[in-house]
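The primary structure of each chain is shown beneath.
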Amino acid sequence: MIKVLVAEDNNILRKNIINKLNAEQDIEVIAEAASGKEAFEKASAFDIDVVVMDMEMESINAGITYAGKIIVNKPGINILILTVHEEEDLIIHSFTEGVVDYVIKDSSCRNLIEHIRNIMNDEISLDPLVGKAIKNDLKKMKKERKEIDSLYRISIQLTSSEREVLRLLYQGYKTKEIARLRFVEMITVKKQITGIIKKFNVKRTSEVIALIKDHNAESLFFAIE
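Residues numbered from 1 in each chain as written. Predicted model: local features only at pLDDT ≥ 70, side-chain atom pairs only at ≥ 80, totals over all residues. Heavy atoms only, no water.

Caption draft 1: Main features of the overall build of the chain. Within the chain one finds 11 helices and 5 strands. Here the chain holds 225 residues, and the buried ones make up 40% of them. For the chain, the accessible area works out to roughly 12700 Å², and carbon and sulfur atoms hold 52% of it. (Helix = DSSP H or I, 4+ residues; strand = E, 2+ residues; numbered from the N terminus. Buried < 20%, exposed > 50% of the residue type's maximum accessible area, 1.4 Å probe, protein only. Areas by Shrake-Rupley, 256 points an atom, 1.4 Å probe, with all protein chains shown as cover.)

Caption draft 2: Examining the pairing of strand β1 (residues 2–7) more closely. Within β1, 5 of the 6 residues are buried, leaving the element largely enclosed by the surrounding structure. Pairing analysis gives 6 bridges linking β1 to strand β2 (residues 27–33), with the strands arranged parallel. By the bridge assignment, V6 is partnered in β2 with E32. Tracing the backbone out of β1, into helix α1 (residues 11–22) and back to the parallel element β2 gives a crossover that is right-handed. Pairing of β1 with strand β3 (residues 50–54), which is carried by 4 bridges, proceeds in the parallel orientation. Bridge pairing in β3 places A7 opposite M53. (Pairing = 2+ DSSP bridges. Right-handed = clockwise from strand over helix to strand, strands pointing away.)

Caption draft 3: Structural detail: the sheet that holds β3. Reading across from one edge, β2-β1-β3-β4-β5 is the order of the 5 strands in this open sheet, with parallel pairing throughout. Taken across any chain shown, the strands that pair with only one partner, and hence form the sheet edges, are β2 and β5 (101–104). When strand polarity is set aside, the average angle formed by the axes of neighbouring strands in this sheet is 25 degrees. Judged from the 4 bridges that link them, strand β4 (residues 78–83) and β5 form a sheet pairing that is parallel. Its bridge partner being in β5, T83 is matched across the sheet by I104. Strands β1, β2 and β3 of the sheet are contacted by helix α2 (residues 36–45), whose axis makes an angle of about 130 degrees with β2. This element, helix α5 (residues 109–120), spans β1, β2, β3, β4 and β5 of the sheet and lies at about 160 degrees to β4. (Axes fitted to C-alpha atoms, helices over the stretch in contact; angles between N-to-C directions. Contact = heavy atoms within 4.5 Å.)

Caption draft 4: Representation of α5 within the structure. Over its 12 residues, α5 extends 17 Å from the first C-alpha to the last, a length consistent with the 16 Å expected when each residue adds 1.5 Å. Along α5, the positions that sit buried rather than exposed are N111, L112, I113, H115, I116, N118 and I119. Buried residues along α5 sit in contact with β1, α1, β2, β3, β4 and β5. (Expected span 1.5 Å × (residues − 1).)

Caption draft 5: Molecular detail of the packing of helix α8 (residues 175–182) against helix α9 (residues 186–200). Their axes nearest at 9 Å, the elements α8 and α9 cross at an angle of 115 degrees. By the angle between their directions, the pair α8 and α9 is classed as roughly perpendicular. For the pair α8 and α9, the crossing hand works out as right-handed. Across from T175, K176, I178, A179 and R182 in α8, the residues of α9 making contact are M186, V189, K190, Q192 and I193. Of the residues assigned to the contact of α8 with α9, the class counts are 5 nonpolar, 2 polar and 3 charged. (Parallel < 35°, antiparallel > 145°, perpendicular 65-115°, else oblique. Left-handed = near helix turned anticlockwise from the far one by under 90°. Nonpolar A, V, L, I, M, F, W, Y, C, P; charged D, E, K, R; others polar.)

Caption draft 6: Examining the packing of α9 against helix α10 (residues 205–214) more closely. In contact at an axis separation of 9 Å, α9 and α10 are set at 55 degrees when each is read in the N-to-C sense. By the angle between their directions, the pair α9 and α10 is classed as oblique. Along this stretch, α9 crosses α10, giving a crossing that reads as left-handed. Every residue of α10 that contacts α9 at I193, I196, I197 and F200 is listed here: T205, V208, L211 and I212. Among the residues making up the contact of α9 with α10, the classes are represented as 7 nonpolar, 1 polar and no charged.

Caption draft 7: Up close: the nonpolar core. L5, M53 and I79 are the most contacted members of the largest nonpolar core, which has 25 residues in total. Listing elements by their share of this core, those giving two or more residues are β1, β2, α2, β3, α3 (62–73), β4, α4 (88–96) and β5. Discounting chain neighbours no more than four positions away, the residues touching L5 are A31, E32, A33, A39, K42, A43, I48, V50, V51 and V52. Counting residues in each nonpolar core, the second largest holds 21 residues, with L151, A179, I196 and I197 among its members. (Core = buried A, V, L, I, M, F, W, Y, C linked by side-chain atoms within 4.5 Å.)

See below:
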């Protein structure tokens, strides 16, 4: 028997899901919750195989937040997110918290039942929407890695002077201020800035700074105090 906890803040929908699941011979809903917090408490108190967790309860991602807490507290529990939200970032966030499946609410209850059984049989078949989100996330990761590699190559090409000028630019200093701080002529600083821009293959220093910030790559170029 598959022991299920249903967490859904809509009372009518929760009762409907419970009735449909209990009509199955191999599934029994042994606990229910109307919030993420209550779901955590019930999951801690009962022997649960699968939690059917609504994403949006106390907040838009309360289900994900409490899913993570439940998994930390009881790693053996399988959590399935049930939601109307199709945003890829929410889907990926769910899986990073340890959720094993993600089902859209407009799917039939029969689909939900099949997903629950698949979870217990280690035969998880992700919805096409979830598969697409994971595929796109892998593409993003690959692109991010490529960009980080590129920044690393740039960092080892910078001279010590260019690196110091870049640090000051990052801190918001202007060309004149940098020249004063480094006790050099403005033309020297301008040449160094031109060299930095050329190595980054961009047109202006603001783009250089944006690249470093967007990729959290500060440690590649200078020590952050």
